[in-house]
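Structural overview
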Amino acid sequence: MCARRGKTGTWHVVQGGISINRQAAVREGLSLDLSLHNLDFNEWRDVLKNLHSGTGENVSTPSVDRGLAQYVYPRYFSIDAGEVVAMDMWLTNARLNGTHQEGLWDIDVRSEQINGRLKWMEGAGNTADGKLVARLKSLNILQSSMKKVSDMTGREDIYRIPSLDIVTDDLTLFGKHLGRTEIVANNVSFKNGREWRINRLKITNPDAALESSGSWVTTAGNRQQTRLSYVLNIKDAGKLLARFGYEDIIRRGRGEMKGDISWDGLPFALDIPSLSGKLSLRVETGQFLKADPGAAKLLSVISLQSLPRRLNLDFRDIFSKGFAFDEITANAGIANGIMRTENLKMNGVNATVMMDGSVDIRQESQDLHVVVIPEINAAAASIAYGFINPAIGIGTFLAQMFLREPLMKQFTHEYHVTGSWSDPVIVEVKAGTGK
């Protein structure tokens, strides 16, 4: 280590190096060369914070030319480690090379989880959150590499998220390949609270494209709420579900799902009991496949594959072999984890299916009124296809249809579906009564 005294009488590091299991590379300022089994940056940050607390220096924005910071913060660093812990990320087989100057960390990262370039801009004060800019070839977030977040919600030392500007060519989340991902977010403070504002979240892959924006707001008393507005453009619903591990559930299907949702707590810890919002769905030209109900329980209920197993239907082949649909449309509201719809409709070549009722997402149960109208003639098809007004409800629609086509009452089947998603209870009711 080489230092000299300046004109003001203070000492300055000219050059020096610290190395562990590697030869030190001496350059201007302090150099750090490490080869370790594991390295925990969080522990080092706590040590440095305690070190600076006795000097009056700001740990968030140390100057490499002043005080103790120049002896402990490297200007150049090269690190090889079997495991690296930083904030809430665990990196394995990691190699980090970079520089640090005037509050800017410029890092090239190679690891099993992250590959690319990071720039970390330190905040301007002890309470500042800083900003992370990243351009990555790949980002693999493992479930085992994330800290448990359930204990963070409701604590006074609330989790803080920095401003972000991240683009990754290939995001893998908990083993699911999501594709190219872009996120831009910043922190905004206001009286008695703060907001982590998601200006843009975009995920694109060959099967779908998601555009979203929102916020995570923390107010007095540590009350937290996450809000998101989103539009999901679906190019192939079947392949999109397979991307998330639900294979052979749907074949094809193009359309759009959009809405607004909110929940209490952190943005990456979805709280079902407080989940609220609204959504609309339109999917065209697809087919439900004959799949194991356990693979996608709610979709198994909606596709009506449970009906043939429990009722002796004259049109069992319509559903047991997989219902082919021309269009699925629905509007739904969500309140405290319970989703309600008045107008879910599936139009197919062989039948039209309509549903209203509720689904309890947390309990994985439902209370649905289901109407199946076989397509026996063009007039019936035209009437059923015309059910697009959610204001009138299924009951009013059926009354109007039976008035115009009395014969349709003999061919219309109604069911009350309750119980769990995996083992629904299905009871046929008298057509036109709903009970």
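Heads up: these notes are all about the structure in this document.

Reading the values: the criteria
- Residues numbered from 1 in each chain as written.
- Predicted model: local features only at pLDDT ≥ 70, side-chain atom pairs only at ≥ 80, totals over all residues.
- Heavy atoms only, no water.
- Pairing = 2+ DSSP bridges.
- Helix = DSSP H or I, 4+ residues; strand = E, 2+ residues; numbered from the N terminus.
- Buried < 20%, exposed > 50% of the residue type's maximum accessible area, 1.4 Å probe, protein only.
- Polar contact = N/O pair within 3.5 Å; in protein donor to acceptor, adjacent residues only side chain to side chain.
- Contact = heavy atoms within 4.5 Å.
- Salt bridge = Lys/Arg side-chain N within 4 Å of Asp/Glu carboxyl O.
- Core = buried A, V, L, I, M, F, W, Y, C linked by side-chain atoms within 4.5 Å.
- Phe/Tyr/Trp six-rings, centres within 6.5 Å; stacked < 30°, edge-to-face > 60°.

Observations concerning the pairing of strand E20 (residues 413-419)
Alignment of strand E19 (residues 365-374) against E20, held across five bridges, turns out to be antiparallel. Within the sheet, the bridge partner assigned to Leu368 lies in E20 and is Val417. Note that E20 and strand E21 (residues 424-429) share six bridges and pair antiparallel. Residue Val417 lies in a different strand from E21, and its bridge partner there is Ile426. Hairpin remark: E20 followed by E21, antiparallel, with four residues in the connecting loop.

Overview of the side chain of His413
Tracing the sequence through the fold places His413 in strand E20. His413 sits in the buried class, given a relative accessible area of 17%. Polar side-chain contacts of His413 include one of 2.9 Å to the side chain of Glu428.

What to know about the environment of Phe190
Looking at the element boundaries, Phe190 is found in strand E10 (residues 176-190). Phe190 gets classed as partly exposed once you look at its relative accessible area, which sits at 36%. For Phe190 and Thr218, which are 28 residues apart along the polypeptide, the C-alpha to C-alpha distance reads 10.0 Å. What Phe190 contacts, discounting residues up to four positions off in sequence, is Glu195, Val217, Thr218 and Thr219.

Let's talk about the pattern of salt bridges
Oppositely charged side chains can form a pair if their charged atoms are brought close together. Per the stated rule, a full pass over the model turns up 16 salt bridges. The partner of Arg117 in a salt bridge is Asp106, and the shortest N-O contact between them spans 3.1 Å. Of this pair, Arg117 sits in strand E7 (residues 114-121) while Asp106 sits in strand E6 (residues 104-110); the two residues are 11 residues apart in sequence, bridging distant segments of the chain. For Glu182, the salt bridge identified is with Arg200, shortest N-O distance 3.3 Å.

Considerations on the environment of Arg135
Inspection of the secondary structure assignment puts Arg135 in strand E8 (residues 131-141). Classification of Arg135 by relative accessible area gives partly exposed; the value is 42%. Residues Arg135 and Thr168, spaced 33 residues apart in sequence, show a C-alpha to C-alpha distance of 6.0 Å. Here Arg135 is in contact with Gly116, Arg117, Asp165, Ile166 and Val167, once residues within four sequence places are set aside.

With respect to the nonpolar core
Counting 72 residues, the largest nonpolar core has Trp196, Phe288, Met346, Met355 and Val370 as its most contacted members. Formed by nine residues, the second largest nonpolar core is a distinct cluster that contains Met354, Ile373, Ile394 and Phe397.

Re the packing of aromatic side chains
Counting across every chain of the model gives two aromatic pairs. Geometrically, the ring pair formed by Phe77 and Trp105 is tilted, given 5.7 Å between the ring centres and 50° between the ring planes. Of this pair, Phe77 sits in strand E4 (residues 76-86) while Trp105 sits in strand E6, and the two are 28 residues apart along the sequence. Residue classification places Trp105 among the buried positions, given a relative accessible area of 16%. For the pair Phe288 and Phe325, a centre-to-centre distance of 5.5 Å together with 55° between the ring planes defines the contact as tilted. Highlighted residues: Phe288 in strand E15 (residues 276-288) and Phe325 in strand E16 (residues 324-335), separated in sequence by 37 residues.

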